[in-house]
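Secondary and tertiary structure notes
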Amino acid sequence: MYIGKVTGTVVATIKIDHLQDRKLLLVHELNLDGEETGYYDIAVDVVQAGPGDTVMVIDEGNGARQILGIDPGAVRAVIVGVVDEIALSE
Amino acid sequence: MKFGRVIGTVVATRKYEDLDGIKFLVVQPLDDDLTPKGGAEIAADATAQAGPGELIFMVASREGAQALADWFVPVDLAITGIVDEVDIETGSRREQPTAVWYRPQSSVDP
């Protein structure tokens, strides 16, 4: 999993059944200073996140299938949390 | 999933039997600003409706095969949707932190 920032929305009418009625968001990975690393992904949102939100993203197929309740399921990246606070220690 | 641009088609008459009926396309992977990134790849079209010139998104690795109706197939990249619109956030919520971020030396409030 990684911390990311929702940087946009993706609209697609024609898509596979696994993604039907799912919200797709563009996410950029953040480093520990909160800056974008340049890595991006198009993720399925299950926590009503929106553009600008700091989020937690899982990028693994089995977890994604479990969350979405589909098997087989062609989804890897899922936004699973909206982050309120991050505290780093020494 | 990543963005890609369909730049060609692939025809293979003789192929592994489970790949019969699957449409293969040549895709150019794209970066977040839709500029080409890396070399072109061959993707199976799970939407069955993509064509050259279209902006699509695709899923790689094991999940690529699972996008297809018969999912126990040797495929590692599949087109899962055709993009209508991408709306990119550029305002202050992109520039500034939207979570309280405590670092060892200081903290930044949203």
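First things first, this report covers the structure right here in the doc. This structure is a prediction, so every number in the text was calculated from the model and none was measured. (Residues numbered from 1 in each chain as written. Chains lettered and ligands numbered in written order. Predicted model: local features only at pLDDT ≥ 70, side-chain atom pairs only at ≥ 80, totals over all residues.)

It is worth spelling out the overall build of chain A at this point. Broken down by element type, chain A carries one helix and seven strands. The secondary structure elements of chain A, listed N-terminal to C-terminal, are β-β-β-β-β-α-β-β. At 13 Å, chain A has a C-alpha radius of gyration in line with the 12 Å of a compact globule built from 90 residues. Dimensions of chain A, computed from the C-alpha atoms along their principal axes, are close to 45 × 25 × 20 Å. Pairs at least 24 apart in sequence give 55% of the contacts found in chain A among residues at least 6 apart. (Helix = DSSP H or I, 4+ residues; strand = E, 2+ residues; numbered from the N terminus. Rg over C-alpha atoms; globule rule 2.2 N^0.38 Å. Contact = placed C-beta atoms within 7 Å.)

Moving on: the interface of chain A and chain B. Facing 36 residues of chain A, the contacting portion of chain B comprises 35 residues. Where the side of chain A that touches chain B is concerned, the elements lending two or more residues are strand S1 (2–11), strand S2 (14–15), strand S3 (23–30), strand S4 (36–45) and strand S7 (85–87) of chain A. It is S1(A) that provides the largest number of residues to the side of chain A that touches chain B, a total of five residues. For the side of chain A that touches chain B, the class distribution of residues is 18 nonpolar, 11 polar and seven charged. (Nonpolar A, V, L, I, M, F, W, Y, C, P; charged D, E, K, R; others polar.)

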